[in-house]
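Per-entry structural report
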Amino acid sequence: MGAEKEENIDTEAELEEFAMHFEANRLDSFKDWPFLEDCSCVPQKLAEAGFYHIPSEQEPDAVRCFMCLKELDGWEPDDDPMSEHKKHAPKCPFIKHWKPEEEYTVTDFIKSIAERQQARVKRIAETKIKEFKQQAEEVRKQMELLA
Ligand SMILES: [Zn+2]
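Read on for an overview of the structure. Keep in mind the model is a prediction, meaning the values are calculated, not measured.

1. Observations concerning the overall build of the protein chain
Across its full length, the protein chain carries six helices and three strands. When its helices and strands are written in sequence order, the protein chain yields α-α-α-β-β-β-α-α-α. Relative to the 2.2 N^0.38 estimate, which gives 15 Å for 147 residues, the radius of gyration of the protein chain is 19 Å and therefore markedly larger than a compact globule would have. Projected onto the principal axes, the alpha-carbon positions of the protein chain cover approximately 65 × 35 × 30 Å. Looking at the protein chain residue by residue over its 147 residues, the buried ones come to 20%. A separation of at least 24 residues holds for 48% of the contacts in the protein chain among residues at least 6 apart in sequence.

2. Quick look at the sheet that holds strand β1 (residues 51-53)
Read from one edge to the other, the open sheet built from three strands follows the order β1-β2-β3, with strand pairing classed as antiparallel. Lying at the two open borders of the sheet, with one neighbouring strand each, are β1 and β3 (71-72). In this structure, β1 lies alongside strand β2 (residues 63-65), joined through three bridges in antiparallel fashion. The residue of β2 that forms the bridge with F51 is C65.

3. A few points about helix α6 (residues 106-146)
In this model α6 runs 61 Å from its N-terminal to its C-terminal C-alpha over 41 residues, within 8% of the 60 Å that 1.5 Å per residue would give. Among the 41 residues of α6, two are classified as buried, and the element is accordingly described as predominantly exposed.

4. Some points on the nonpolar core
Counting 19 residues, the largest nonpolar core has L46, F51, C65, M67, C68, C92 and F94 as its most contacted members. Elements with a contribution of two residues or more to this core: α3 (43-48), β1, β2 and α5 (93-96). Not counting the four nearest positions on each side in its chain, C68 is found in contact with A89, C92, F94 and A119.

5. Section: the environment of P90
With respect to the element layout, P90 can be found in the loop between α4 (81-88) and α5. Residues P90 and E101, spaced 11 residues apart in sequence, show a C-alpha to C-alpha distance of 20 Å.

Cut-offs and rules
Residues numbered from 1 in each chain as written. Predicted model: local features only at pLDDT ≥ 70, side-chain atom pairs only at ≥ 80, totals over all residues. Helix = DSSP H or I, 4+ residues; strand = E, 2+ residues; numbered from the N terminus. Rg over C-alpha atoms; globule rule 2.2 N^0.38 Å. Buried ≥ 20, exposed ≤ 12 C-beta atoms within 10 Å, placed from the backbone. Contact = placed C-beta atoms within 7 Å. Pairing = 2+ DSSP bridges. Expected span 1.5 Å × (residues − 1). Core = buried A, V, L, I, M, F, W, Y, C linked by C-beta atoms within 7 Å.

Listed below in structure tokens is the structure:
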């Protein structure tokens, strides 16, 4: 057996991401958001719609949903965060069962933690399947070269 790759779990990053369950923390992430006044996609509405800010140099307006992990960028001032979320991630449990955070019960909250875990596992599985398919494609190409 070869050496197994060790999977590092970054606890701090996990906790930071988990904190995004709360609207106030999501809102805090929008420190350098480019759209503020006279726009539909203002930080308050983005946070309400489940998004937090994950800016990069190439995509300064990239956001991610804490629940389904969908990432969106290229916002226009008139874009409505809730409608965009519905359009690009119609199966997101947060959007499907949306209600104001102050109306959440403990049961709702526990349910949403479970749903988020499911979404994460699904995303990891999808990434692994994609990697496997790419590797299989590579092997096939090499075999064709040998034939
Ligand atoms: Zn979502």
